[in-house]
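Observations on chain architecture
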Amino acid sequence: MLDLVIDARPASLSPGFGVRRILPFRLRRMLGPFIFMDHAGPVNLPPEQLPTLDVLPHPHIGLSTVSYLFGGQVTHRDSLGVEQIIRPGEVNWMTAGSGIAHSERFEDPTALAGGALEMIQTWVALPEADEESVPAFTNYQPHELPIFTDNGVWMRLIAGDAFGLKNGVKTHSPLFYLHVVLQLGARFGLPQGHRERGAYIAKGSVEVSGQTYSAGQLLVFKPGIDPVIVAREASTLMLLGGEPLGERFIWWNFVSSRRDRIEQAKADWQAGRIALPPTDNAEFVPLPQDRSRPASSPAPEPLS
């Protein structure tokens, strides 16, 4: 029933900001169009230490970033001049396309108000026809995202289509992305009609086919099966997947179907041809230097 279980690994977005990285994984580079997944937090810090979490302006191409918070808040600024405070339950979808830079700041002392900072960040690779699309950013409010509740199950559709639910979040290929909360003993399944499907356990533990799985694990299911997921305690899941797009290359924050396009993106960032956010341009993350690395060495750590 399960094709693979991926355990989250420690990674870092900034000197003070550790995360759990789920995708990409050496045995599973993508799940549907999803090529990157991080789980940050929960983070509890005094207000004076919040700047240590800041992720400075950095570039992307060939993908959409999707930011979804469980708690706290973060300020997004990008090359388009967008400045958006991201709060729990919203969907913040930034399409990099031909190239964009953005920052994530924790400058507001109330950023941890109402609970610890905790967020899920994913990247969705773009179809080849959209890899050079015009960059865009859209914030979707919670009331725009359908919710379903039944027998110990609460779920919100973040994007795509699943279980007959749809919303207005603009996507570029067939996919599904859900936030699911299960009470003890609740039983749940996977949406049908998608070739690749997975469930990330953000909190709690669940049972599948008599085996228990815990927080920090991504369960990747075989195609064409209809599993039953049983909550062994109150649990939070992120369900995601969709149609595969074909091979993608990833280096640092760049994703493309062509290696030469990634080399061009490196040169563009090095030469300042990707604009910085107009209201956050005093500092930025420089291009990692890898001239001394053999070709088989891993790429530098991606930033969200």
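Read on for a plain summary of the structure. Since this is a predicted model, take the numbers as computed values, not measurements.

A few words on unusual backbone geometry. The linkage connecting L23 with the following residue, P24, adopts the cis geometry, with an omega of 0 degrees. Looking at the secondary structure, you find P24 in the loop between strand 3 (17–23) and strand 4 (34–43). Residue G41 is joined to P42 through a cis peptide bond whose omega torsion reads 0 degrees. Examined against the element boundaries, P42 turns out to sit in strand 4. Despite not being glycine, N151 has its phi angle at roughly 45 degrees, a positive value. With respect to the secondary-structure elements, N151 resides in the loop between strand 13 (147–150) and strand 14 (153–162). The backbone of F163 sits at a positive phi, close to 55 degrees, despite the residue not being glycine. Considering the arrangement of structural elements, one finds F163 in the loop between strand 14 and strand 15 (165–166).

Attention now moves to the sheet that holds strand 7 (residues 74–78). Pairing in this open sheet of 4 strands is antiparallel, and the strands run 5-10-7-8 from one edge to the other. Of all the strands in the sheet, just strand 5 (55–60) and strand 8 (83–86) have a single pairing partner and so form its edges. With strand direction ignored, the average angle separating the axes of adjacent strands in the sheet is 25 degrees. As paired strands, strand 5 and strand 10 (residues 100–105) are joined by 4 bridges and run antiparallel to one another. What sits directly across from H60, in strand 10, is I100.

Of all 8 residues in strand 16 (residues 175–182), 7 are buried; the element is thus mostly enclosed. Relative to strand 16, strand 14 is paired through 7 bridges, and the arrangement is antiparallel. By the bridge assignment, A159 is partnered in strand 16 with Y177.

Evaluated as defined, the whole model comprises 15 salt bridges. The salt bridge partner of E196 is R28, with a shortest N-O separation of 3.1 Å. Of this pair, E196 sits in strand 18 (residues 196–203) while R28 sits in the loop between strand 3 and strand 4, placing them 168 residues apart in sequence. Since its relative accessible area comes to 18%, E196 is described here as buried. Judged by relative accessible area, which is 16%, R28 ranks as buried. D260 is the salt-bridge partner of R258, the closest N and O atoms lying 3.0 Å from each other. Through salt bridges that share partners, D54, R105, D280 and E283 make up one connected network.

Here the focus is helix 1 (residues 259–270). Here helix 1 spans 17 Å end to end across 12 residues, near enough to the 16 Å set by a 1.5 Å rise per residue. Among all positions of helix 1, only R261, I262, A265, K266, D268 and W269 are buried. Seen from one end, helix 1 has its buried residues packed into an arc of 165 degrees, which puts them on one side. With respect to the buried face of helix 1, the exposed residues turned more than 90 degrees away are R259 and Q270.

On a regular strand, each side chain points to the face opposite its neighbour's, so the side chains alternate between the two faces of the sheet. Strand 3 sits mainly inside the fold: 5 of its 7 residues count as buried. Direction of pairing for strand 2 (residues 9–14) relative to strand 3: antiparallel, over a ladder of 5 bridges. Within strand 3, the position partnered with S12 by the bridge is G18. The loop that links strand 2 with its antiparallel partner strand 3 comprises 2 residues.

Attention now moves to the sheet that holds strand 2. What the 7 strands build is an open sheet, ordered 2-3-4-11-6-9-12; its pairing is antiparallel. The open sheet has two edge strands with one neighbour each: strand 2 and strand 12 (136–140). Strand-to-strand twist in this sheet, taken as the mean axis angle between neighbours without regard to direction, amounts to 25 degrees. When strand 6 (residues 63–71) meets strand 9 (residues 91–95), the two strands line up antiparallel, connected through 4 bridges. Residue pairing in the sheet places V66 in a bridge with W93 of strand 9.

Moving on, we get to the side chain of N139. Among the secondary structure elements, N139 is positioned in strand 12. Of the polar contacts made by the side chain of N139, one reaches the side chain of E90; its length is 2.9 Å. Engagement of the side chain of N139 in a polar contact is seen with the side chain of Q141, the distance being 2.7 Å. Not counting the four nearest positions on each side in its chain, N139 is found in contact with Q84, E90, V91, N92 and E144.

Scoring rules and cut-offs
Residues numbered from 1 in each chain as written. Predicted model: local features only at pLDDT ≥ 70, side-chain atom pairs only at ≥ 80, totals over all residues. Heavy atoms only, no water. Helix = DSSP H or I, 4+ residues; strand = E, 2+ residues; numbered from the N terminus. Pairing = 2+ DSSP bridges. Axes fitted to C-alpha atoms, helices over the stretch in contact; angles between N-to-C directions. Buried < 20%, exposed > 50% of the residue type's maximum accessible area, 1.4 Å probe, protein only. Salt bridge = Lys/Arg side-chain N within 4 Å of Asp/Glu carboxyl O. Expected span 1.5 Å × (residues − 1). Arc of directions from axis to C-beta. Polar contact = N/O pair within 3.5 Å; in protein donor to acceptor, adjacent residues only side chain to side chain. Contact = heavy atoms within 4.5 Å.

These figures come from the coordinates and say nothing about function on their own.
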